Amino acid sequence: MERYQKIAQHEKFLKYIKKIRKLEKDRIYCCHGPEHLMDVARIASLKAAEEGIGLSKDIIYGAALLHDIGKVSQYKKKIPHEIAGAKKAGIILAECGYSKEEIQMIEHAILHHRRGTKKD
């Protein structure tokens, strides 16, 4: 089993997704459930291939699956979801076998996913 598949089955991940669904039950536009996360993963994978970015599927899909898990903190505590999500993602990634370097890379992607292509 690839590591990103472990994320999709991880107890904490599933708990966050369930809470997000409940909080977004009346949302008209894009909801941040599994469908959205997989769409992001597929688009990111295609974009990486088109641009010759040499990232593994585990990194791309890991970042995509986890990029919105901070939505619960955003809705309940007004903490920007990218900040809350990066912290939550690190725990799940470690438990799914990602290295420290990979975790840092994915946390960085989550922290900056609302900033487009702008470099720090």
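Look above for the structure.
It should be emphasised that the depicted structure is a prediction, and the values quoted were computed from it without experimental measurement. (Residues numbered from 1 in each chain as written. Predicted model: local features only at pLDDT ≥ 70, side-chain atom pairs only at ≥ 80, totals over all residues. Heavy atoms only, no water.)

Draft legend 1. Highlighting the overall build of the protein. Counting secondary structure elements, the protein contains 7 helices and 0 strands. Listed by position from the N terminus, the elements making up the protein come as α-α-α-α-α-α-α. Taken against the 2.2 N^0.38 rule, which gives 14 Å for 120 residues, the C-alpha radius of gyration of the protein at 14 Å falls within 12% of a compact globule. Projected onto the principal axes, the alpha-carbon positions of the protein cover approximately 40 × 30 × 25 Å. Counting across all 120 residues of the protein, residues that qualify as buried make up 40%. (Helix = DSSP H or I, 4+ residues; strand = E, 2+ residues; numbered from the N terminus. Rg over C-alpha atoms; globule rule 2.2 N^0.38 Å. Buried < 20%, exposed > 50% of the residue type's maximum accessible area, 1.4 Å probe, protein only.)

Draft legend 2. Summary view of the packing of helix H6 (residues 81-95) against helix H7 (residues 100-112). Interhelical geometry of H6 versus H7 gives an angle of 155 degrees and a closest axis separation of 8 Å. Relative to H7, H6 is oriented roughly antiparallel. Note on packing geometry: the crossing formed by H6 with H7 is right-handed. On H7, the residues touching Glu82, Ile83, Gly85, Ala86, Ala89, Gly90, Leu93 and Ala94 of H6 are Ile103, Ile106, Glu107, Ile110 and Leu111. Of the residues that constitute the contact of H6 with H7, the class distribution is 9 nonpolar, 2 polar and 2 charged. (Axes fitted to C-alpha atoms, helices over the stretch in contact; angles between N-to-C directions. Parallel < 35°, antiparallel > 145°, perpendicular 65-115°, else oblique. Left-handed = near helix turned anticlockwise from the far one by under 90°. Contact = heavy atoms within 4.5 Å. Nonpolar A, V, L, I, M, F, W, Y, C, P; charged D, E, K, R; others polar.)

Draft legend 3. Structural context of H7. The first and last C-alpha atoms of H7 sit 18 Å apart over 13 residues, in line with the 18 Å expected at 1.5 Å per residue. At its buried positions, H7 is contacted by helix H1 (3-9), helix H4 (57-66) and H6. (Expected span 1.5 Å × (residues − 1).)

Draft legend 4. Geometry of the pattern of salt bridges. Applying the stated criterion to the full structure yields 7 salt bridges. A salt bridge links Arg42 to Asp39, with the shortest nitrogen-to-oxygen separation between them at 3.5 Å. In this pair, Arg42 and Asp39 are both assigned in helix H3 (residues 34-50), 3 residues apart and thus about one turn of the helix distant. The exposure class of Arg42 is partly exposed, given its relative accessible area of 43%. In this structure Asp39 comes out as partly exposed when scored by relative accessible area, which is 41%. (Salt bridge = Lys/Arg side-chain N within 4 Å of Asp/Glu carboxyl O.)

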